[in-house]
Amino acid sequence: MNLFQREPAEPKSQAELLYQAQQRKERQFRTNVGLSWGILLLFLIFLFSGNDIAIGSFSIKTINLDQNFIKENMGFIAGGLWETIKISFLSIAFATVLALLAALGRLSTNPPIYALSTFYVSLIRGTPLYLQIFFFFLALPQLGIVLSGTLAGVVALGLNYGAYMSEIFRAGLSSVGKGQREAAMALGMTPRQTMQRIVLPQALRFAIPPTGNEFIAMTKDSALVAATGFVHELMWRATKVGRAQFHNLEALIMAAIFYWVMTLILTALQSRLEATLSKGDR
Amino acid sequence: MSSIIKVTGLDKYFGRLHVLKKIDLEVKPMEVVCIIGRSGSGKSTLLRCINFLEEPSAGTIEVDKLVVKAGGRGKEHRQLVHEVRLKTGMVFQEFNLFPHMSVLDNVTEGPVIVKGMDRAKAVQIAEMNLDRVGLLFKKDEFPNRLSGGQKQRVAIARALAMEPKVMLFDEPTSALDPELIGEVLNVMKKVAQEGMTMLVVTHEMGFAREVADRVVVMADGEIIEENTPEVIFKSPKDPRTKALIDRYRSGGHE
């Protein structure tokens, strides 16, 4: 930010000197945090580097990973990335729709609709996600409904996240002040027009950043779908090759790195999105 | 001349609280009526009952020959309320501009969505009304870039763009910094001079005195006195009116 655009010749004011000192302090903090991160990361890499180091009579042995295994299976495990992203994306889309409906139901004055919404949220939040995934994959076939692993996963994750995210949308809808509804009503808008034109756009903008956070969480929870044994995403692939060749250490570390990098990228995108939204016309 | 607003026997309860007690009020076309009174006297509730932002408990509201009875239900009642709202423009204390729309869109929203007007025509009307409040040059800004006074002037343009028969103002300057009150009052004065019928709930005694044709004084949910500003400010009959005016004369605000 260029708060102090002045001619270079002009003597610096007290305010500017203070401002610059503060800026310097903040920059320094960020640099030091970055350096410390680098050191921690190097230490972690060193820990798994497989080196033997002898300093005098003192020797350190770090963890040795099987490089050949890593090279051979890199492509196979990375092949699960797409499936992981696909499941997360489909699930979050399904969850968003459910969450919005549940939030609207929660604010409804119609008793059955209100009950349906709270019943859904209570049932889903009261049972484990792991159980829900198995339920759709293993329990439904007994009733003659057979879902593929991916579909069962998407339905379970969508239902589960939808229940939790309904709270986000409810908060978004209540964040729109009563005055906004009154202004729309005074103009002659119907309740439906008021919701579509005035309340929802403001509520959705409020809900976008937390929905992004849920998406990031979803990419990790999608690993649970591996339990069905039929969805070849990251986690499934890592455990498959890890178990077969008894190299679980390498396989899981590889999968962990993929998840972590994916989360870092999504978090960066998320903060940019948030910055853009907060810059907007609030 | 027949009245454009006629409130008869209006009662309003908030729970057990009786906030409006058998109110009768008439406003003639092109008349400017100011309602004054202490906070809690029921003046805002009275205004909000006229366009049914508050549902009256009993009585009749008549706006431009549309008669709506309190306690109505069903489709027919909703249709009547809708038509009343089309005939009344409302300006709020807190402006209530739509923050996700530009100034221009705030003003075209009503005509386009409610009246189904085509956009080009709505823009034309919006620009005319923004010009009327002196803010045409801000049409592409978003509300958060405007001062309080400018926001309220846009809100006035938004209400005017619906081409209402009556304008209702609910304490339009009470949320403003003192130095911004003048610009809003000037716009209101201009609108009044152009012949708009106005019902204004206000604490601005100067405005009431200068612009109003009639001043209505409320206390404890009742109209205790109504007359020309001349009479109300020079020789009020009710001691409560006198106390109210004295307080403002000495510069105190409530």
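These numbers were taken from a predicted model, which means no experiment stands behind them. (Residues numbered from 1 in each chain as written. Chains lettered and ligands numbered in written order. Predicted model: local features only at pLDDT ≥ 70, side-chain atom pairs only at ≥ 80, totals over all residues. Heavy atoms only, no water.)

S.K.: Quick question: what am I supposed to make of the overall build of chain A here?
M.R.: When helices and strands are counted, chain A shows ten helices and two strands. Element order for chain A, N to C, with α for helix and β for strand: α-β-β-α-α-α-α-α-α-α-α-α. The C-alpha atoms of chain A give 26 Å as radius of gyration, which overshoots the globular expectation for 282 residues (19 Å, by more than 25%). Counting over 282 residues, chain A shows a buried share of 36%. Nonlocal contacts in chain A, meaning residues at least 24 apart in sequence, comprise 71% of its contacts between residues at least 6 apart. Here chain A contributes 24 positive and 16 negative side-chain charges, whose respective centroids are spaced 6 Å apart. (Helix = DSSP H or I, 4+ residues; strand = E, 2+ residues; numbered from the N terminus. Rg over C-alpha atoms; globule rule 2.2 N^0.38 Å. Buried < 20%, exposed > 50% of the residue type's maximum accessible area, 1.4 Å probe, protein only. Contact = heavy atoms within 4.5 Å. Lys, Arg positive; Asp, Glu negative; His and termini not counted. Charge placed at Lys NZ, Arg CZ, Asp CG, Glu CD.)

S.K.: Would you take a moment to explain empty space enclosed by the protein for this structure?
M.R.: Taking a probe equal in size to a water molecule and rolling it over the atoms shows the remaining empty space. Scanning all chains against the criterion turns up one cavity of 30 Å³ or more. Reported here for the largest cavity is a volume of approximately 60 Å³. What lines the largest cavity is A:A183, A:A186, A:L187, B:T88, B:G89, B:M90, B:F92, B:R158, B:A159 and B:M162. Every element with two or more residues in the lining of the largest cavity is listed here: α7 (178-187) of chain A together with β6 (88-91) and α5 (148-160) of chain B. For the lining of the largest cavity, a count of residues per class yields seven nonpolar, two polar and one charged. (1 Å grid on protein atoms, 1.4 Å probe; cavity = no way out; pocket = protein on both sides within 12 Å on 5 of 7 lines; lining within 4 Å. Points joined across faces, edges and corners; volume = space filled by probe spheres on them. Nonpolar A, V, L, I, M, F, W, Y, C, P; charged D, E, K, R; others polar.)

S.K.: What is the right way to look at the pairing of strand β1 (residues 52-55) of chain A in this model?
M.R.: Every regular strand shows the same layout, with side chains that alternate between the two sheet faces. Residue and element names in this part refer to chain A. Examined bridge by bridge, β1 and strand β2 (residues 58-61) share four bridges and lie antiparallel to one another. Looking across to β2, one finds that D52 is bridged to K61. A loop of two residues connects β1 with β2, the two strands running antiparallel in sequence, and G56 in this loop sits at a positive phi of about 65 degrees. (Pairing = 2+ DSSP bridges.)

S.K.: Can you help me understand the interface of chain A and chain B in this one?
M.R.: Quite often, the size of an interface is put as the accessible area lost when its parts meet. Of the residues lining the interface, 19 residues belong to chain A; the matching set on chain B comes to 23 residues. Taking both partners together, chain A and chain B bury about 1900 Å²; carbon and sulfur atoms supply 59% of that area. Counting the contacts that link chain A with chain B gives two salt bridges. The shortest N-O distance in the salt bridge between A:R197 and B:E109 comes to 2.7 Å. Run the count over chain A and chain B and you get eight residue pairs in polar contact (both at pLDDT 80 or more). Breaking the side of chain A that touches chain B down by element, the ones donating at least two residues are α7 and α8 (191-221) of chain A. Considering each element in turn, the side of chain A that touches chain B owes the most residues, nine residues, to α7(A). Looking at the side of chain A that touches chain B, its residues break down into eight nonpolar, six polar and five charged. (Buried area = accessible area lost by both parts, 1.4 Å probe. Salt bridge = Lys/Arg side-chain N within 4 Å of Asp/Glu carboxyl O. Polar contact = N/O pair within 3.5 Å; in protein donor to acceptor, adjacent residues only side chain to side chain.)

S.K.: Please clarify how the sheet that holds strand β7 (residues 166-170) of chain B should be interpreted in this entry.
M.R.: Two orientations exist for strands paired in a sheet by backbone hydrogen bonds: parallel and antiparallel. All names here are of chain B. Read across the open sheet, the six strands follow the order β6-β7-β8-β3-β9-β10; overall the sheet is mixed. A strand with exactly one partner marks an edge of an open sheet, and here the two such strands are β6 and β10 (222-227). Neighbour to neighbour, the strand axes of the sheet diverge by 20 degrees on average, direction disregarded. In this sheet, strand β9 (residues 214-219) lies alongside strand β3 (residues 32-37) in parallel orientation, the contact comprising five bridges. Residue C34 lies in a different strand from β9, and its bridge partner there is V215. The sheet contacts of helix α2 (residues 74-87) involve β6 and β7, and relative to β6 the element is tilted by about 70 degrees. Against the sheet, helix α6 (residues 178-193) engages β3, β7 and β8 (197-201), with an angle of about 150 degrees to β8. (Axes fitted to C-alpha atoms, helices over the stretch in contact; angles between N-to-C directions.)

S.K.: What am I meant to see in α6(B) here?
M.R.: Residues and elements named next belong to chain B. Compared with the 22 Å implied by 1.5 Å per residue over 16 residues, the 24 Å span of α6 between its first and last C-alpha is a close match. Listed as buried for α6 are L180, I181, V184, L185, V187, M188, V191 and A192. Seen from one end, α6 has its buried residues packed into an arc of 160 degrees, which puts them on one side. Away from its buried face by more than 90 degrees, α6 exposes E179 and Q193. The elements touched by buried residues of α6 are β3, α5, β7, β8 and α7 (205-211). Just past α6, the residue G195 takes up positive phi, approximately 100 degrees. (Expected span 1.5 Å × (residues − 1). Arc of directions from axis to C-beta.)

S.K.: Would you explain the sheet that holds strand β4 (residues 58-63) of chain B in this entry?
M.R.: Residue and element names in this part refer to chain B. Judged by pairing direction, the sheet is antiparallel, and its four strands sit side by side in the order β2-β1-β4-β5 without closing on themselves. Two strands lie at the open edges of the sheet, namely β2 (17-27) and β5 (66-69), each paired on one side alone. In this sheet, neighbouring strand axes are inclined to one another by 20 degrees on average, regardless of whether the strands run parallel or antiparallel. Across seven bridges, strand β1 (residues 5-14) lies against β2 in antiparallel orientation. Bridge pairing in β2 places F14 opposite L17.

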